[in-house]
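Observations on chain architecture
Spelled out, the chains give:
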Amino acid sequence: MNHDWQQALTDFVHKYPRMMAITGAGISAGSGIPTYRDDSGNWQSRKPIQHDEFIKDAKQRQRYWSRSAVGWPAISTAQPNRAHHALAQLEQAGAIDLLVTQNVDRLHQRAGHQQVVDLHGRLDQVVCLSCQQVENRDQLQTRLLQSNPSLLGFKAQLRPDGDADLNDQLMSTIQPPDCLYCEGILMPDVVFFGGNVPKARQQTATQALERADALVVIGSSLTVYSGFRFCRMADNTNKPILIINRGKTRADDMATLKIDEDCAEVLEAWALI
């Protein structure tokens, strides 16, 4: 195996000892959670639900919750992998100042990472669009299955956004959950495609980038602008960018160093430097 990248990594982290990190779906692939895109940045299957679709279309909400009921158990039991644990070690060593993740699986936190911004929210809770009350996703799962016993024990292929592929006939029979407090519309506490990242999260990440020596991108194609914007900020201020990702990314031409290798292997090597 060619390890030429190790010396380049060593030189980079010695020169820029404190970084802000951005992580994407590629870092959770080792935990059994599928990625949206392949190494070339192409969609691997159907595109995920859009924000406006969920808000405006009752049938889309029905489709989402039926698929989510089947997909949630695999997400809720997923465990952090070597890459998550290596990043937690790097935080403890002072190499990572703030970690900004585009993932909604909370695996960084389960690995012990402390300073994390969930840029796109978190799948382990739901929020009412009317009264803003929050409910635990595990509790909601119990309610979902009680109302829709046809979903009990149902198995289907897991999707990246925590749902699963189901046939239209089954989905058309599902009763979506309502808010326990006001019977309003419930939505997973995530930013769907086409939605807006809350400004407070953006500001926290921007401030961390300003004080960091460099930016490191791990396991993300950066196709979504919410993550790519930080690469543009770094590039505009001549801040070095390290990219660790299998396949091409939207910011390859901005990278000071690109390592096209397995995230876990590279992060574990970094933790030993």
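Scroll up a little and you will see the structure.
On a predicted model such as this, the values are computed, not experimentally measured, just so you know. (Residues numbered from 1 in each chain as written. Predicted model: local features only at pLDDT ≥ 70, side-chain atom pairs only at ≥ 80, totals over all residues. Heavy atoms only, no water.)

Along strand β7 (residues 214-218), 5 of the 5 residues are buried, which leaves the element largely enclosed by surrounding structure. Pairing of strand β1 (residues 19-23) with β7, which is carried by 5 bridges, proceeds in the parallel orientation. Each bridged residue has a counterpart across the sheet, and for Thr-23 the counterpart in β7 is Ile-218. Bridge count between β7 and strand β8 (residues 241-244): 4 bridges; the pairing is parallel. From the neighbouring strand, Val-216 faces β8, where its bridge partner is Leu-242. Handedness of the β7-helix α9 (residues 225-236)-β8 crossover: right-handed. (Buried < 20%, exposed > 50% of the residue type's maximum accessible area, 1.4 Å probe, protein only. Helix = DSSP H or I, 4+ residues; strand = E, 2+ residues; numbered from the N terminus. Pairing = 2+ DSSP bridges. Right-handed = clockwise from strand over helix to strand, strands pointing away.)

The next thing to look at is the pairing of strand β4 (residues 121-128). Both faces of the sheet carry side chains from a regular strand, because those side chains alternate between them. Most of β4 is tucked away, with 6 of its 8 residues classed as buried. Pairing geometry for β4 and strand β6 (residues 186-190), over 4 bridges, is antiparallel. Across the sheet, Val-127 pairs through a bridge with Met-187, a residue of β6. Taken together, the 3 bridges between β4 and strand β5 (residues 134-136) define a ladder with antiparallel strand orientation. Bridging across to β5, Val-127 finds its partner in Val-134. Counted between consecutive antiparallel strands, the loop separating β4 from β5 contains 5 residues, among which Gln-132 sits at a positive phi close to 65°.

Attention shifts here to helix α10 (residues 263-271). When we look at burial in α10, the residues that qualify are Cys-263, Ala-264, Val-266, Leu-267, Ala-269 and Trp-270. Two to three positions downstream of the cap, the backbone nitrogen of Ala-264 sits 3.2 Å from a side-chain oxygen, assigning the N-cap of α10 to Asp-262. (Polar contact = N/O pair within 3.5 Å; in protein donor to acceptor, adjacent residues only side chain to side chain.)

What follows is about helix α6 (residues 137-147). Listed as buried for α6 are Arg-137, Leu-140, Gln-141, Arg-143 and Leu-144. Viewed end-on, α6 has its buried residues packed into an arc of 165°, placing them on one side of the element. Turning to α6, the residues buried within the fold contact α3 (58-76), β4, β5 and β6. The N-capping residue of α6, defined by a side-chain oxygen 2.7 Å from the backbone nitrogen of Asp-138, is Asn-136. (Arc of directions from axis to C-beta. Contact = heavy atoms within 4.5 Å.)

This part is about the pattern of salt bridges. In the structure shown here, the tally under the stated rule is 9 salt bridges. Taking the shortest distance from any N to any O, the salt bridge between Asp-124 and Arg-122 comes out at 2.7 Å. Judged by relative accessible area, Asp-124 falls into the partly exposed class, the value being 21%. On the basis of relative accessibility, which here comes to 24%, the residue Arg-122 falls in the partly exposed class. Its salt-bridge partner being Glu-135, residue Arg-143 comes within 2.8 Å of it at the nearest N-O pair. One salt-bridge network, in which partners are shared between bridges, spans Arg-106, Asp-118, Arg-122 and Asp-124. (Salt bridge = Lys/Arg side-chain N within 4 Å of Asp/Glu carboxyl O.)

Among the secondary structure elements, Ile-241 is positioned in strand β8. What makes Ile-241 buried here is its relative accessible area of 0%. When the C-alpha atoms of Ile-241 and Val-217 are compared, they prove to be 7.6 Å apart, with 24 residues separating the residues in sequence. Ignoring any residue separated from it by four or fewer positions in sequence, one finds Ile-241 in contact with Phe-12, Leu-215, Cys-231, Ala-234, Asp-235, Met-254, Ala-255, Thr-256 and Leu-257.

Here we come to the packing of helix α4 (residues 82-92) against α10. Between α4 and α10, the least distance of the axes is 8 Å, while the angle of their chain directions is 25°. By the angle class used here, α4 and α10 are roughly parallel. Between α4 and α10 lies a crossing whose hand is left-handed. Touching Arg-82, Ala-83, Ala-86, Leu-87, Gln-89 and Leu-90 of α4 are Ala-264, Glu-265, Leu-267, Glu-268, Trp-270 and Ala-271, all from α10. (Axes fitted to C-alpha atoms, helices over the stretch in contact; angles between N-to-C directions. Parallel < 35°, antiparallel > 145°, perpendicular 65-115°, else oblique. Left-handed = near helix turned anticlockwise from the far one by under 90°.)

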